[in-house]
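Descriptive structure summary
For reference, the chains in residue letters:
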Amino acid sequence: MSQHIRNLAIIAHVDHGKTTLVDQLLRQGGAFRSNQIVAERVMDSMDLEREKGITIKAKNTSVHWRDNIINIVDTPGHADFGGEVERVMKMVDGVMLVVDAYDGPQAQTRFVLRKALKQGLRPIVFINKIDRENSNPKKVHDQVLELFLELHATEEQFNAAFLYGSARDGYAVRELGDKPVDMIPLLETIVERIPPPVADPKAPFTMLVSNIAWDDYVGRIAIGKIIGGQVTTSDMIYRVQKNGTRDRCKITKVFEYSGTSTNDSTLGIAGNIVGLAGFTDLDIGETLCAQEDQPPLPFIDIDPPTIRMEFAVNDGPFVGREGKLVTSRQIRERLDRESKGNISIQVEESERAGVFYVSARGAMQIAVLVEQMRREGYEVLVSRPVVITHHENGKLMEPFESLWLELPEETIGSVMKVLSSRKGAINQMETHPHSVTIEATIPTRGLIGFEFDLMNLTNGRGVMSHLFLEYRPHAGEISSRLTGTLVSTDTGVATSYALDQLQERGKLFITAGEEVYKGMIVGENPRSDDLPINPTREKQLSNVRSKGEGKGIQLTPPIRLTLERSIEYIAPDEYVEATPKSLRLRKKFLNPEDRKRQAKQMADLA
């Protein structure tokens, strides 16, 4: 049976057309009725994925084509979500590398492809968007082969099949110049080139848990590829935890993937990717097996997290107004649940009550978690990201990253100046007809907030991607924010009268009619120090009429920071207060006397 199964992961950089390609394979593989109305990017099922236009979680689907079952895993293309990709590598037997015919292979392509080649997976290359203006598929073909050499591909991997096409228009061709018709050449190549799974149907049942899903009716679902034997509903099996403990479990449901949905099945066969229900608790990387004495299956090594942030209980005066989940117990349970389903996130208790340390690959990964929590009704305080350092032979070591930039030629001077101030070192620079590409090495600390500087310097035309490189000796002090803040000294409603005078002092984050509290950051001070202000001050009324009574005040529109921008904007002594309806910036200590005391303690320690 497993000879008709193909297990495949699709990997690509952000916006190279990976999810659109999956749409076309599902459509032409017969997953939808001919008259069925299907949304674009059907695999991006999360609201956040649709809003941001990126894939965040790895998801499974299946195409039934000519008696073959092609199981496809759609993986994220952003480096921060690399853990989602790493853990599915044990579930598949081949990968399809999707590359843009203009951009060529990018940073995330390199990272994921290295993991796939190391696992011995056989690749297929699909060069997408050949209909795009200025595309150069022949050049990209050579760049991919160079990348294979660079990543030490075997001879078999190097001789990968190349196809060309347009995922948007729904066609693939084996050679440039062939008549574009449909996706059948790609489906044929998958069946020809991706090997069937190595699985023993006669062995006892064995499966590695590579992913976890949740169902409101059956609870936790273990997703993975069956390595040996088969499993049916009502089977009694053993769950082998990472510490070696074995629990007895009863399988209550077996799911198979078909198109964009799951179907109940009575039998899971060797080589197929299935979902199993019947567990009260479960972790990714655990082994499910039929016999008590079976050894656990090895799990892939996951790259360690490089940044850490504080999640704290909201202790502000407006706590509980918008969110209902505000206690430390509720926040702890939510973070624990996230760490079980997302292996690249780690959660630790801090020495302070109600404060937790969350470690991850990048600020965007944590920003997505905070946004999800906001939408679920949580209120939480989040600190600025700090890098995870360690000591090696008495030296302080910090993470460094490889950085790739593509920017307009006229902006190169200002971008180089910012890179230099963030301790970046240029490795390579190439000039193209309309742009410049730069390859640099930079401390992870230097990347915090850099993307927003790049957008401002290049008027939104700069493109960046980055990848963890290694730990190196500490690069020294990096000053990222040169401005101070305007901090409210009172609690109340901001007035036009007060803000009219304050907008001359700096840029405001609030407008008239908004509620503020003592210690809340209401604007940016051009100077480096914090300026205490009162945005709630009202005009004193008297029985003498004045020429103007405040009706003609014109306020400059306030700056509204997104969640990602807020997290990277704040200083180490500040928090972002994230609630279901509001984002507020505030000082960690709301009382000015407490702030002075804390600053004195820090100075004494230094």
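Residues numbered from 1 in each chain as written. Predicted model: local features only at pLDDT ≥ 70, side-chain atom pairs only at ≥ 80, totals over all residues. Heavy atoms only, no water.

**A word on the overall build of the protein chain**
- Scanning the protein chain from N- to C-terminus turns up 15 helices and 36 strands.
- Split into buried and exposed, the 606 residues of the protein chain put 51% on the buried side.
- Residue pairs at least 24 apart in sequence account for 71% of intrachain contacts in the protein chain once pairs closer than 6 positions are excluded.
- Carbon and sulfur atoms form 48% of the exposed surface of the protein chain, whose accessible area is close to 28,400 Å². (Helix = DSSP H or I, 4+ residues; strand = E, 2+ residues; numbered from the N terminus. Buried < 20%, exposed > 50% of the residue type's maximum accessible area, 1.4 Å probe, protein only. Contact = heavy atoms within 4.5 Å. Areas by Shrake-Rupley, 256 points an atom, 1.4 Å probe, with all protein chains shown as cover.)

**Observations regarding helix H8 (residues 328-341)**
- Between its terminal C-alpha atoms H8 stretches 20 Å, which fits the 20 Å expected from 14 residues at 1.5 Å a residue.
- Taken as a whole, H8 has its buried residues at Gln 330, Ile 331, Arg 332, Arg 334, Leu 335, Glu 338 and Gly 341. (Expected span 1.5 Å × (residues − 1).)

**A short note on the side chain of Thr 189**
- Locating Thr 189 in the fold gives a position in helix H7 (residues 184-193).
- At a separation of 2.7 Å, a polar atom in the side chain of Thr 189 contacts the main-chain carbonyl oxygen of Pro 185.
- When neighbours within four sequence positions are excluded, Thr 189 is seen to be in contact with Ile 124, Ala 161, Leu 163, Arg 174 and Ile 194. (Polar contact = N/O pair within 3.5 Å; in protein donor to acceptor, adjacent residues only side chain to side chain.)

**A word on the sheet that holds strand S4 (residues 94-100)**
- Pairing is mixed across the open sheet formed by seven strands, whose spatial order is S2-S3-S1-S4-S5-S6-S7. Looking at which strands have only one partner, the edges of the open sheet turn out to be strand S2 (59-65) and strand S7 (171-173). With direction set aside, neighbouring strand axes in the sheet form an average angle of 30°.
- Pairing geometry for S2 and strand S3 (residues 68-74), over seven bridges, is antiparallel. Bridge pairing in S3 links His 64 to Ile 69. (Pairing = 2+ DSSP bridges. Axes fitted to C-alpha atoms, helices over the stretch in contact; angles between N-to-C directions.)

**A word on the environment of Pro 433**
- The residue Pro 433 is located in the loop between strand S26 (425-431) and strand S27 (436-443) in this model.
- For Pro 433, a relative accessible area of 72% translates into the label exposed.

**Some words on the pattern of salt bridges**
- On inspection of all chains with the given rule, the structure shows 34 salt bridges.
- Across the pair Glu 310 and Arg 352 runs a salt bridge, and its minimum N-O distance is 3.0 Å. Placement of Glu 310 in strand S19 (residues 307-312) and of Arg 352 in the loop between strand S20 (346-349) and strand S21 (355-360) is noted, with a sequence separation of 42 residues between them.
- Measuring nitrogen to oxygen at the nearest pair gives 2.9 Å for the salt bridge that ties Arg 375 to Glu 371. One end of the pair, Arg 375, and the other, Glu 371, are both in helix H9 (residues 363-375), four residues apart, so they sit about a helical turn from each other.
- For Glu 371, a relative accessible area of 15% corresponds to the buried category.
- Counted as one network, the salt bridges with shared partners bring together Asp 100, Asp 103, Lys 129 and Arg 132. (Salt bridge = Lys/Arg side-chain N within 4 Å of Asp/Glu carboxyl O.)

**Description of the confidence of the model for the protein chain**
- When the pLDDT values of the protein chain are averaged, the result is 84; 89% of them are 70 or greater.
- In this model residues 32-45 is a low-confidence stretch, pLDDT under 50, and it forms 38 contacts with partners more than four residues away in sequence or in other chains. (pLDDT = per-residue confidence, 0-100.)

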